[in-house]
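# Examining the three-dimensional arrangement
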Amino acid sequence: MSDYIVRATAADSQIRAFAINSKELVEEARRDHETRPVITAALGRLLSGAAMMGTMMKGEKDLLTIQIQCGGPAKGLTVTADSHGHVKGFPMESQVELPLNAQGKLDVGGALGLGVMSVIKDMGLKEPFCGTVPLQTGEIGDDFSYYFMASEQTPSVVSVGVLVDETNEILSSGGFIIQLLPEATEEDISYIE
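What counts, and at which threshold
- Residues numbered from 1 in each chain as written.
- Predicted model: local features only at pLDDT ≥ 70, side-chain atom pairs only at ≥ 80, totals over all residues.
- Heavy atoms only, no water.
- Pairing = 2+ DSSP bridges.
- Helix = DSSP H or I, 4+ residues; strand = E, 2+ residues; numbered from the N terminus.
- Axes fitted to C-alpha atoms, helices over the stretch in contact; angles between N-to-C directions.
- Contact = heavy atoms within 4.5 Å.
- Buried < 20%, exposed > 50% of the residue type's maximum accessible area, 1.4 Å probe, protein only.
- Disulfide = S-S within 2.5 Å.

Ordered by their spatial adjacency, 5 strands build an open sheet running 5-4-3-6-7, and the pairing between neighbours is antiparallel. Looking at strand neighbours, the two that pair on one side only are strand 5 (87-91) and strand 7 (129-134), the edges of this open sheet. Mean inter-strand twist for the sheet, computed between neighbouring axes without regard to direction, equals 10 degrees. Here strand 3 (residues 63-70) runs beside strand 4 (residues 76-82); their pairing, made up of 7 bridges, is antiparallel.

Right, dumping it as structure tokens:
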């Protein structure tokens, strides 16, 4: 695969960043699950975010599971990732079709609707850590940002996206996460903004 994840730090390690190119991963998921474009975008965004989050874990055997349970026609998505960035996932419903949203884009938020996102980290301890947050927009990136702030108290900017053409071919897929760690200064924050 030509997909890759880049990790970086800045400002004396008080800012960390992750970026992913996930086109082949998302194409493989699209083929395996025979998803329609809006579910391809939703699953691809979740896979990209989970792969980056997986690389944040320290232990060789640490596992991450992200579940979205929702009231929209998608019904939910589940992905798992390890600390090496290996990731897999599946949608509850693969054949959802919706009109484009007001911005002329795939309506991932409409496909998910109201619901919750649970992040379960199994780090080999007695019990896994589980953080659950309500979906903010259903657009996945905003929901990851909210999770990091509400559950891990780490201010983060998360952007994940999948570009699908009218024939359901993946043209591009990827994303980034930028996080401010506890000792980040106001100067660091201004620079990132």
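Moving on, we get to the sheet that holds strand 8 (residues 156-164). The 4 strands are arranged 1-2-9-8 in an open sheet whose pairing can be described as antiparallel. The open sheet has two edge strands with one neighbour each: strand 1 (4-10) and strand 8. Averaged over all pairs of adjacent strands, the angle between strand axes in this sheet comes to 10 degrees, irrespective of strand direction. Summarising the sheet, strand 8 and strand 9 (residues 170-180) pair through 9 bridges and their orientation is antiparallel. By the bridge assignment for strand 9, V158 is matched with I177. Docked against the sheet, helix 2 (residues 37-54) engages strand 1, strand 2 (15-21), strand 8 and strand 9, running at close to 140 degrees with respect to strand 8. Against the sheet, helix 4 (residues 141-152) touches strand 8 and strand 9, its axis set at about 160 degrees to strand 8.

Considering the arrangement of structural elements, one finds V158 in strand 8. According to the relative accessible area criterion, V158 is buried, its value standing at 9%. Those residues in contact with V158, other than ones at most four positions away along the chain, are G141, F144, S145, F148, F176 and I177.

So, about the state of the cysteines. Applying the stated criterion across every chain yields a total of 0 disulfides. With no disulfide of its own, C70 has C130 as its nearest cysteine by sulfur position, at a separation of 16 Å. Assessed through its relative accessible area of 46%, C130 is described here as partly exposed.

Attention now goes to the pairing of strand 7. Note: strand 6 (residues 115-122) against strand 7, 6 bridges, orientation antiparallel. Paired with S118 across the bridge in strand 7 is T132. As consecutive antiparallel partners, strand 6 and strand 7 are separated by 6 residues, and within that stretch G124 has a phi angle of approximately 80 degrees, a positive value.

Keep in mind that these numbers describe shape and distance, not what the molecule does.
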